[in-house]
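One letter stands for each residue in the lines below.
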Amino acid sequence: MKNTLGLLLTTLAASISPAIAAPSQADVVIRHATVIDVEHGRAVPAQTVAIRDGSIVAVTDDAGAGAQWQASTTIDGRGRYLIPGLWDMHVHFGGGPALIEENKALLPLYVAHGITTVRDASGDLAEQVLSWRGQIASGQLFGPQLFTSGAKIEGLAPVWKGTIEAGDKAGVDAALDREQRDQVDFVKITDSTLKPELFLYAVSQAKARGLRSSGHVPMALTVGQAIEAGMSSIEHLDYAFKAGVKDEAAIAADFAAGRIDRAEANRRLHAGFDRDTAMAAYRRFAELGVAVTPTLDGGRIIDFLDVEPRDNDPYLAYIGPGLRDTYAWRVERAAKATPAQIEARHAHYAQVAAVLPMLQEAGVRIMAGTDAGFLNSYNFPGIGLHNELALYVREGLTPLQVLQSATRAGPAWFGKLDRYGAVAAGKAADLVLLDRNPLQDITATRAINTVLMRGKVYDRAALDAMLAETKAQVAEWNAQAKP
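Quantities reported herein were computed from a predicted structural model and do not represent experimental measurements.

1. Concerning the overall build of the protein
Check the secondary structure of the protein and you find 21 helices and 17 strands. Taken against the 2.2 N^0.38 rule, which gives 23 Å for 483 residues, the C-alpha radius of gyration of the protein at 25 Å falls within 12% of a compact globule. For the protein, the C-alpha atoms occupy an extent of roughly 105 × 55 × 45 Å along the three principal directions. Scored against the burial criterion, the 483 residues of the protein give a buried share of 55%. Counting contacts in the protein only where the partners sit at least 6 residues apart, residues at least 24 apart contribute 74% of the total. With 48 positive and 55 negative side-chain charges, the protein shows a spacing of 3 Å between the two charge centroids.

2. Some thoughts on the pattern of salt bridges
A side chain with one charge may pair with a side chain of the opposite charge, provided their charged atoms come close. Inspection of every chain in the model, using the stated rule, returns 22 salt bridges. Here Arg42 and Asp37 are joined by a salt bridge, their closest N and O atoms 2.9 Å apart. Among the salt bridges present, the one from Arg268 reaches Asp254, with a minimum N-O distance of 2.9 Å. Placement of the pair is Arg268 in helix 11 (residues 262-271) and Asp254 in helix 10 (residues 248-256), with a sequence separation of 14 residues.

3. Structural notes on the side chain of Ser122
Take Ser122: it is sitting in the loop between strand 7 (115-120) and helix 5 (126-138). A relative accessible area of 2% places Ser122 in the buried class. Reaching out from Ser122, the side chain makes a polar contact with the backbone nitrogen of Lys152 at a distance of 3.1 Å. With residues up to four places along the chain from it excluded, the contact list for Ser122 reads Val91, His92, Ser149, Gly150, Ala151, Lys152 and Lys188.

4. Observations concerning the sheet that holds strand 8 (residues 145-148)
Ordered in space as 6-7-8, the three strands form an open sheet in which the pairing is parallel. Because the sheet does not close on itself, it has two edges, and the strands there are strand 6 (86-91) and strand 8. Put simply, the sheet's adjacent strands are angled 20° from each other on average, direction ignored. By the bridge criterion, four bridges tie strand 7 to strand 8 in an arrangement that is parallel. By the bridge assignment, Val118 is partnered in strand 8 with Leu146.

5. Brief notes about the packing of helix 13 (residues 296-303) against helix 16 (residues 339-353)
A pair of packed helices is captured by two measures, namely the crossing angle of their axes and the spacing between those axes. At a closest axis distance of 9 Å, the pairing of helix 13 and helix 16 adopts a crossing angle of 165°. When the axes of helix 13 and helix 16 are compared, the pair comes out roughly antiparallel. Both helix 13 and helix 16 take part in a crossing whose hand is left-handed. When helix 13 is examined against helix 16, the residues Leu296, Arg300, Ile302 and Asp303 are found in contact with a partner set consisting of Arg345, His346, His348, Tyr349 and Ala353. Of the residues that constitute the contact of helix 13 with helix 16, the class distribution is four nonpolar, two polar and three charged.

6. A short note on the packing of aromatic side chains
Describing an aromatic ring pair means giving the distance of the ring centres and the angle of the ring planes. Within this structure, the stated rule accounts for 16 aromatic pairs. An angle of 75° between the planes, with centres 5.4 Å apart, marks the rings of Trp87 and Tyr420 as edge-to-face. Taken as a pair, Trp87 in strand 6 and Tyr420 in the loop between helix 20 (409-413) and strand 15 (431-434) lie far apart in primary sequence, 333 residues in all. Its relative accessible area of 2% is what places Trp87 among the buried residues.

7. Remarks on the pairing of strand 6
Counting buried residues in strand 6 gives six out of six residues, a clear majority hidden from the surface. Here four bridges tie strand 6 to strand 7, and the two strands are oriented parallel to one another. Residue pairing for strand 7: Trp87 is matched across the bridge by Thr117.

8. Points about the side chain of Arg31
Considering the arrangement of structural elements, one finds Arg31 in strand 1 (residues 24-37). Put simply, Arg31 is tucked away with no salt bridge, and the nearest opposite charge, on Asp62, sits 6.0 Å away. If we ignore the near neighbours within four places in the chain, the residues touching Arg31 are Gln47, Thr48, Asp62, Gly66, Ala67, Trp69, Gln70, Thr74, Ile75, Asp76, Gly77 and Arg78.

9. Remarks on the pairing of strand 16 (residues 448-453)
For a regular strand, the rule is simple: side chains alternate between the two faces of the sheet. Of all six residues that make up strand 16, six are buried, and the element is covered over most of its length. Sheet topology places strand 15 next to strand 16; four bridges connect them, and they run antiparallel. By the bridge assignment, Leu434 is partnered in strand 16 with Ile448. Of the strand pairs in this sheet, strand 16 and strand 17 (residues 456-459) are connected by four bridges, and their pairing is antiparallel. Considered in strand 17, the bridge of Met453 is made with Lys456. In this antiparallel pair of consecutive strands, strand 16 and strand 17, the connection spans two residues, and Arg454 shows a positive phi of 55°.

Quick notes on the rules
Residue indices follow the written sequence of each chain, beginning from 1 at its first position. The model is predicted, so local features are restricted to residues of pLDDT at least 70 and side-chain atom pairs to those at 80 or more, both for listing and for counting; the totals for chains, interfaces and linings are taken over all residues. To get the side-chain values, take all heavy atoms of the structure and skip hydrogens and water. Under the scheme used here, helices are H or I runs from DSSP no shorter than 4 residues and strands are E runs no shorter than 2 residues, and both carry numbers assigned from the N terminus. Here the radius of gyration uses the C-alpha set of atoms, whereas the globule reference equals 2.2 Å times the residue count to the power 0.38. Remark: exposure states derive from per-residue accessible area (1.4 Å probe, protein chains only) relative to the maximum for the residue type, with buried under 20%, exposed over 50%, and partly exposed in between. Contacts are assigned to residue pairs that have any heavy atoms within 4.5 Å of one another. Here the positive residues are Lys and Arg and the negative ones are Asp and Glu; neither His nor the chain ends is included. To locate a charge, take atom NZ for lysine, CZ for arginine, CG for aspartate or CD for glutamate. Salt bridges are counted wherever a side-chain nitrogen of Lys or Arg sits within 4 Å of a carboxyl oxygen of Asp or Glu. Whenever two N or O atoms come within 3.5 Å, that pair is a polar contact, provided that in protein one can donate a hydrogen and the other can accept it, and provided that, for residues adjacent in sequence, both atoms are side-chain atoms. What makes two strands pair is DSSP finding at least two bridges between them. Note on geometry: axes are C-alpha line fits, over the in-contact stretch for helices, and angles between N-to-C directions span 0 to 180 degrees. The labels follow the angle: roughly parallel below 35 degrees, roughly antiparallel above 145, roughly perpendicular from 65 to 115, and oblique for the rest. Two helices cross in a left-handed way if the nearer one is turned anticlockwise from the farther one by less than a right angle. They cross in a right-handed way if the turn is clockwise. Any residue that is not Ala, Val, Leu, Ile, Met, Phe, Trp, Tyr, Cys, Pro, Asp, Glu, Lys or Arg is counted as polar, Gly included; the first ten are nonpolar and the last four charged. Working definition: a ring pair exists when centres of Phe, Tyr or Trp rings (six-membered ring for Trp) sit within 6.5 Å. Plane angles under 30 degrees give stacked, over 60 give edge-to-face, the rest tilted.

Shape is all these values report; function is a separate question.
Here is the structure:
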């Protein structure tokens, strides 16, 4: 009888499912959440998400295998919506060495607003930003995952500070050598003084070396020439607009030959936009895999300062006095505009913004990016991305398309969709838990309950503490700056 009972118990134990017999251990478990499938536009309710060692290890139904997961930290996602972490694909750090600490204070602002990755598109603190990239990755510095172009490539004696100057092909080669030594994540090439032929050479050589590139296309070139040479992304919607001008090539040739100045070139560009031309150009963007980062709100802020003044914006409390001072030149220039110039600014914004849904229709990858940072007046790190996303909906995109631009387009551009851009097993545990459904209303991205970054949990109290600490630091700097 004793042997029979032992055999029965042994058989019973073997028949119990592993989920019941041996609960799986995670570092963090989120229960009862509605997972937003950003790729397919679905809201999947009643999900359990298990996280271990900075990665998602399981996403399963609460009523199914979800019960097997245990963790020391459990988050109640009931009535809430879980999305991948947000990416801001165009930010800047700069203003000179005196503003290093003010720039560093911007990093928590991104996290506090659900932004777990940023792409630095070059400023004048390249070495510092490269150092921050490594410190963040190793856990020595708190901030979002940071990708950077390092120092931008320019011509001789450029407008922009902190650049690598190149006056000939050898100079471009040396610049790219340095970029590779710095192990930049992509190359930024701008058009202040870089000769058009060297611009194309730099783009093509970057591609030949396996480097992604982005930048500002010289007026003396067409956007088509830049992307055919290998440019990987177009920064700012104005350049996408330029690609839709029927006689863009003639305008570029006239400008290059000195027959027209920049003002006349711009006048002709804005008079010559043609939808058929634009759609053909945008389909070519899509064919070549060229992405567009609109940075729409940055331009709109200046264009509409006459009716939407920002000098008393509450968010200024998070921006150091030195960085605020860098806003002045654009603000002062905008204030001197005549009524006719103001009207033209408004019209310009509307004309350029209308390109956004055309890009979407053509299948172009749209990457959400703000241009936030120094110089770009009132374009605030953190909250600026949410303002940008709201504009995308206002200008014709769906909430899903906008959410994809801020969660999947960036990882796709960097070739990292295997690790980011979805709430799924194997992905990085960079997540945002929202109080409202962003598929119904994109402003729900502001309703942040919890942020997870590299598997660590920052609840609402922790996020508020980040904001409070930055605000207190800025108040201290303000007091020190007073005469």
